[in-house]
Amino acid sequence: AQVHLEAFQSFADANGGTRASGTPGYDATADYVAGLLQEAGLIVERQVFDFSVFTENSSSLSADSVAIAKQTMSYSGSGIVNSGNVIPVDLDLGLGNTSTSGCEVTDFDGLDFSGPADIALIQRGACAFGTKAINATNAGAEGVIIFNQGNTEDPGRQDIIGGTLGTGVIGIVNIPVLDVSYDDGLVILNAISVNMAADTTIVTSTTENIIADLPGNNPDNVVMAGAHLDSVQAGPGVQDNGSGSAALLAIALDLGYNKKYTPQNSLRFAWWGAEESGLIGSEEYVFNPDFGLTQEEYEALASYINFDMIASPNFIFGVYDADQSTFPAPVPVPPGSEALEDLFEAYYSIEGIPYEDTEFSGRSDYQVFIEIGIPASGLFTGAEGIKTDDQAAIWGGTAGEQYDPCYHLACDTIDNVSQEAMEVNIDAI
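Residues numbered from 1 in each chain as written. Predicted model: local features only at pLDDT ≥ 70, side-chain atom pairs only at ≥ 80, totals over all residues. Heavy atoms only, no water.

(A) Representation of helix H3 (residues 129-139) in the model. Turning to H3, its buried residues number three or more, namely Phe129, Gly130, Lys132, Ala133, Asn135, Ala136 and Thr137. Next to the buried residues of H3 lie strand S5 (118-123), strand S6 (143-147) and strand S7 (177-180). (Buried < 20%, exposed > 50% of the residue type's maximum accessible area, 1.4 Å probe, protein only. Helix = DSSP H or I, 4+ residues; strand = E, 2+ residues; numbered from the N terminus. Contact = heavy atoms within 4.5 Å.)

Below is the structure:
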């Protein structure tokens, strides 16, 4: 695995210090992985797809000269609206409301968006944010503010939304779309003058997943393991996630070259593209109309295990907490996931290696698999979280510092990898 990590570093060094999807550094990494797998005799598929990267450069919002806390909806367009005329769209205020604001084109009937600075004030509820934004754009608005629904005691329906319009609005919504809390929506509703602005960039690129199959005696039971191959734009990503990618590559090559071994279940390995852009590659693997899962492939998929950051320099050994014994899961946990968790924990126990639960959060490429009911598990040695005194007493390292001090930074190089954690987790995988 160390050889592969060094190769990943070299591809970043030769290509502007990054291996982000859509860059030459990623393409070189993908060529390297696919080439080695083919030489070892695995059946390799290269799944090429387009993806869009959204960047918020800046944004602002004020009502009657008082700044309002806001977020720019992902895939919002750019624009500036000064002294904006706020036009409420079919609002339903108060607790117990059932807002469908902006969901229908007819919601905008009778509203005058003919002015030069009209802002559609829309409430969350009943349909996609992108649908609301498209309808407002087509009605003639120069800006859109979507405020939270406010209909329950759930903070998720009261605070800033932090949502996305989805890639379906690209090329249609070319105006700024901001979101605010329910209470601030009421402030904007009653304001005399509102100023808003957003400067955003959307870049469409092409990247790929690498999928490698090792057929077993049972082709109708596929055990799948995956790791994302891309880095963030800021650095080479040798730990995040060169560590998981190199581990899987080393294992796949060992199995491929062992011609005397045929697994009982068929094995599938995946190196995902565009994970850092929003878990896109794994989503494409399942749903892309050109190469996504068929019903037959879906029924054969027994389990998915995920390896994203498994050699953090200030590591802990974490197993996804599928049985929720420590962390209530904010996502669905498919039946069977607990058995996978038990298997990893049994390995650590047999080897006398301390481990702990890490939240089954859906924060990596296993998200799409659990959404379609595939049992999942995985290992994790920590990202931007802070190591506790108790954890330092168990695993060493430095309490009070991040598990990975170079998380998503340029310093995530070959020197940011724990060889000890890497060796333990390759054996666990």
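(B) Just the pattern of salt bridges, in detail. Going through the model one piece at a time under the given rule, you end up with 4 salt bridges. A salt bridge links arginine 268 to aspartate 213, with the shortest nitrogen-to-oxygen separation between them at 2.6 Å. Taken as a pair, arginine 268 in strand S10 (residues 265-272) and aspartate 213 in strand S8 (residues 194-214) lie far apart in primary sequence, 55 residues in all. Under the relative-accessibility criterion, arginine 268 is labelled buried at 13%. Put simply, glutamate 384 and arginine 363 hold a salt bridge, and the shortest N to O gap is 2.9 Å. Of this pair, glutamate 384 sits in the loop between strand S14 (376-380) and helix H10 (389-395) while arginine 363 sits in the loop between strand S13 (356-358) and helix H9 (367-371), placing them 21 residues apart in sequence. The exposure class of glutamate 384 is partly exposed, given its relative accessible area of 34%. Classification of arginine 363 as partly exposed rests on a relative accessible area of 47%. One salt-bridge network, held together by shared partners, links Asp31, Arg46 and Glu208. (Salt bridge = Lys/Arg side-chain N within 4 Å of Asp/Glu carboxyl O.)

(C) Layout of the pairing of S7. Burial along S7 is two-sided: the residues Val177 and Asp179 and Leu178 and Val180 are all buried. Here strand S3 (residues 71-72) pairs with S7 via 2 bridges, running antiparallel. Residue pairing for S7: glutamine 71 is matched across the bridge by aspartate 179. Pairing geometry for S6 and S7, over 4 bridges, is parallel. Residue isoleucine 146 lies in a different strand from S7, and its bridge partner there is aspartate 179. (Pairing = 2+ DSSP bridges.)

(D) Representation of the state of the cysteines. Counted under the stated rule, the structure contains 2 disulfides. The residue that forms a disulfide with cysteine 103 is cysteine 127, at a sulfur-sulfur distance of 2.1 Å. Between cysteine 103 and cysteine 127 the sulfur-sulfur dihedral comes to about -100°; the bridge is accordingly left-handed. With a gap of 24 residues between them, cysteine 103 in the loop between strand S4 (79-88) and S5 and cysteine 127 in the loop between S5 and H3 connect regions that are remote in the sequence. By relative accessible area, cysteine 103 is classed as buried at 12%. Disulfide pairing is shown between cysteine 406 and cysteine 411; the S-S distance is 2.1 Å. Taking the sign of the torsion about the S-S bond as the criterion, the disulfide between cysteine 406 and cysteine 411, at about -115°, is left-handed. Judged by relative accessible area, which is 12%, cysteine 406 ranks as buried. (Disulfide = S-S within 2.5 Å.)

(E) Seen up close, the pairing of strand S9 (residues 218-228). In terms of strand pairing, S9 meets S10 through 8 bridges, oriented parallel. Each residue of the ladder has a partner; that of valine 223, found in S10, is leucine 267. Handedness of the crossover is the feature at issue here: the chain leaves S9, passes through helix H5 (residues 242-257), returns alongside S10, and the resulting connection is right-handed. Pairing analysis gives 5 bridges linking S9 to strand S11 (residues 301-307), with the strands arranged parallel. Bridge assignment links glycine 226 to a residue of S11, and that residue is asparagine 306. (Right-handed = clockwise from strand over helix to strand, strands pointing away.)

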